[in-house]
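Chain by chain, the residues:
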Amino acid sequence: MSWVDKIVPSIVRKENPIDRRGDSGRDSAIPEGLWKKCVKCDAVLYRPELEANFDVCPKCDHHLRIGARRRLDIFLDEDGREEILTHIEPVDRLKFKDKRKYKDRLSAAQKSTGEKDALIAFHGSLNQLPLVAVAFEFNFHGGSMGYAVGEKFTQAANIALEERVPLVCFSASGGARMQEALISLMQMAKTSAVLEKMKQAGVPYISVMTDPIYGGVSASLALLGDINVAEPGARAGFAGPNIIEQTIRQKLPPGFQRSEFLLEHGAIDMIVHRRDMRDTLGRLLGSMTFYRQE
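A brief look at the structure comes next. Only a predicted model underlies this, so the values are computations on that prediction, with no experimental measurement involved.

Judged by pairing direction, the sheet is mixed, and its 7 strands sit side by side in the order 5-6-7-8-9-10-11 without closing on themselves. The sheet terminates laterally at strand 5 (82-84) and strand 11 (270-271), the two strands that pair on one side only. Here strand 8 (residues 167-173) pairs with strand 9 (residues 205-213) via 6 bridges, running parallel. Residue pairing in the sheet places Cys169 in a bridge with Ser207 of strand 9. Docked against the sheet, helix 3 (residues 68-75) engages strand 5, strand 6 (119-126), strand 7 (129-136), strand 8 and strand 9, running at close to 5 degrees with respect to strand 6.

Further remarks concern a nonpolar patch on the surface. Taken together, Trp35, Val44 and Tyr46 make up a surface patch of nonpolar side chains, about 240 Å² in accessible area. Note that Tyr46 resides in strand 4 (residues 44-46).

Right, let's talk about the layout of surface pockets for a bit. Approximately 500 Å³ is the volume attributed to the largest pocket. Here the lining of the largest pocket is composed, by residue class, of 9 nonpolar, 6 polar and 11 charged.

Scanning the model with the defined rule gives 15 salt bridges in all. Here Asp211 and Arg65 are joined by a salt bridge, their closest N and O atoms 3.4 Å apart. Taken together, the residues span a long stretch of sequence, with Asp211 in strand 9 and Arg65 in the loop between helix 2 (47-52) and helix 3 at a distance of 146 residues. Among the ionic pairs, Glu231 bridges to Arg71, the shortest N-O distance being 2.9 Å.

A word on the environment of Ser107. With respect to the secondary-structure elements, Ser107 resides in helix 4 (residues 102-113). Considering only alpha carbons, one finds Ser107 and Asp117, 10 residues apart in sequence, at a separation of 10.0 Å.

What the rule picks out here adds up to 4 aromatic pairs. Aromatic pair Phe153 and Tyr205: ring centres 6.1 Å apart, planes at 80 degrees, arrangement edge-to-face. Linking Phe153 in helix 5 (residues 147-163) with Tyr205 in strand 9, this pair joins segments that are 52 residues apart in sequence. The two residues Phe153 and Tyr205 agree in class, both being buried. Judged by centre distance (5.3 Å) and plane angle (65 degrees), the ring pair of Phe256 and Phe261 falls under edge-to-face. Looking at Phe261, the relative accessible area reads 18%, which means it is buried.

Cut-offs used in this document
- Residues numbered from 1 in each chain as written.
- Predicted model: local features only at pLDDT ≥ 70, side-chain atom pairs only at ≥ 80, totals over all residues.
- Heavy atoms only, no water.
- Pairing = 2+ DSSP bridges.
- Helix = DSSP H or I, 4+ residues; strand = E, 2+ residues; numbered from the N terminus.
- Contact = heavy atoms within 4.5 Å.
- Axes fitted to C-alpha atoms, helices over the stretch in contact; angles between N-to-C directions.
- Patch = residues over 30% accessible without salt bridge, like charges linked within 9 Å, V, L, I, M, F, W, Y side chains within 5 Å.
- Areas by Shrake-Rupley, 256 points an atom, 1.4 Å probe, with all protein chains shown as cover.
- Salt bridge = Lys/Arg side-chain N within 4 Å of Asp/Glu carboxyl O.
- 1 Å grid on protein atoms, 1.4 Å probe; cavity = no way out; pocket = protein on both sides within 12 Å on 5 of 7 lines; lining within 4 Å.
- Points joined across faces, edges and corners; volume = space filled by probe spheres on them.
- Nonpolar A, V, L, I, M, F, W, Y, C, P; charged D, E, K, R; others polar.
- Phe/Tyr/Trp six-rings, centres within 6.5 Å; stacked < 30°, edge-to-face > 60°.
- Buried < 20%, exposed > 50% of the residue type's maximum accessible area, 1.4 Å probe, protein only.

See below:
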């Protein structure tokens, strides 16, 4: 055994050279990605157990970030779900270039995530209640909102409006996409306008804020829900705390912009643990739908 093998913990080695059960003597490989480290408490977690716990650390209860498809997979009923609006794709109208061309950044993000852009939309049900659900993919350009995100959200809301079924949005975004400049900022007005139509028509919209929510998304669709929900410890605001501290030259209070702080100051309506999200939103939507039908 080399000196490296002696100091590296066995749980992070790719291979275990000795079968400790003593029944085979053959090398047994530990599959890549079998372990995950909690970013809050540094606990090393067994991935299957973590996934069974809805990707919430069993040691400190920290809600780890999850992808858009994983989030909708654990939220929607298994039967009858269907992805919609897959034809909507980003467009580089400005031929934007900084250190890299925008189209190259899009291609890289599409390749790494397997998504066309930072929002996916599904038509499905929750406890057999039909609805439309959308979720942001933070790994795609930080979940930033450009034309494709704004257009897909707007069309998803229009489908909910036409069918008179609730809309649920899981947001995770750094804000408007700078590579699309004014086009990205226009999405704030567009998404806000369709949500006002839903409100006037009495069609429920629940916004669920995950970590993080900033910029143009927080200033539009994320905080315009009939009920605004957040996961524990999620950060939400327009500008980040570091920028605010530099601007006002004052130290911000502990937990500033965390969901617990926002709930205490009336910015959101409730905090819901990820394992309780289905049941809680199911009850809320059932009540809202029944009330509005009356």
